[in-house]
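The lines below spell out each chain.
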Amino acid sequence: PQERRVVSPKKQMQAHLRGGSALASPLPLLTKTALGLRNNSMQLDELRYNQQQDDIQLQLRTPTLEALDQIKQQLSGVGLNVEIMSAAQRGQETLGRIHVRES
């Protein structure tokens, strides 16, 4: 239907009929994630995008556990489903892994 680029017509049509996209783009999810990460005192160590699941896993460092929770709340505030996978205090910082997907 509204595809500008047709790579595999059959797969793309099946995906549209199921309600998904055969060729998910990370850009909309990355854009929302970037909006949720603005104005935070954190360091992003790793970002992994999974095209099949259309989700992102972030590994980051924050000054405190509360700062990590604030990031979760900010990401939720821009319409994302966010789950803190792990958080560990290491010296003066908190290492955290966050799972992000569209709501």
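Residues numbered from 1 in each chain as written. Predicted model: local features only at pLDDT ≥ 70, side-chain atom pairs only at ≥ 80, totals over all residues. Heavy atoms only, no water.

Caption draft 1: Just the pairing of strand 4 (residues 93-102), in detail. Of the pairings in the sheet, the one linking strand 2 (residues 55-62) to strand 4 comprises eight bridges and is antiparallel in character. By the bridge assignment for strand 4, L60 is matched with G96. By the bridge criterion, 10 bridges tie strand 3 (residues 80-90) to strand 4 in an arrangement that is antiparallel. What sits directly across from A87, in strand 4, is G96. The hairpin turn running from strand 3 into strand 4, its antiparallel successor, is two residues long, and G91 in that turn takes a positive phi close to 65°. (Pairing = 2+ DSSP bridges. Helix = DSSP H or I, 4+ residues; strand = E, 2+ residues; numbered from the N terminus.)

Caption draft 2: Broad picture of the nonpolar core. One finds L29, L37, I56, L58, L60, L68, I71, L75, L80, V82, I98 and V100 forming the largest nonpolar core, which totals 12 residues. Mapped by element, the contributors of at least two residues to this core are helix 2 (27-37), strand 2, helix 3 (65-77), strand 3 and strand 4. Setting aside residues no more than four positions away along its own chain, L29 makes contact with Y49, D54, D55, I56, L80, V100, R101 and E102. (Core = buried A, V, L, I, M, F, W, Y, C linked by side-chain atoms within 4.5 Å. Buried < 20%, exposed > 50% of the residue type's maximum accessible area, 1.4 Å probe, protein only. Contact = heavy atoms within 4.5 Å.)

Caption draft 3: Region of the structure containing the packing of helix 2 against helix 3. Interhelical geometry of helix 2 versus helix 3 gives an angle of 135° and a closest axis separation of 8 Å. Here helix 3 runs oblique to helix 2, going by the angle between their axes. Taken as a pair, helix 2 and helix 3 cross one another with a handedness that is right-handed. Here helix 2 contributes K32, T33, G36 and L37 to the contact with helix 3, which in turn contributes I71, Q74 and L75. Here the contact of helix 2 with helix 3 is composed, by residue class, of three nonpolar, three polar and one charged. (Axes fitted to C-alpha atoms, helices over the stretch in contact; angles between N-to-C directions. Parallel < 35°, antiparallel > 145°, perpendicular 65-115°, else oblique. Left-handed = near helix turned anticlockwise from the far one by under 90°. Nonpolar A, V, L, I, M, F, W, Y, C, P; charged D, E, K, R; others polar.)

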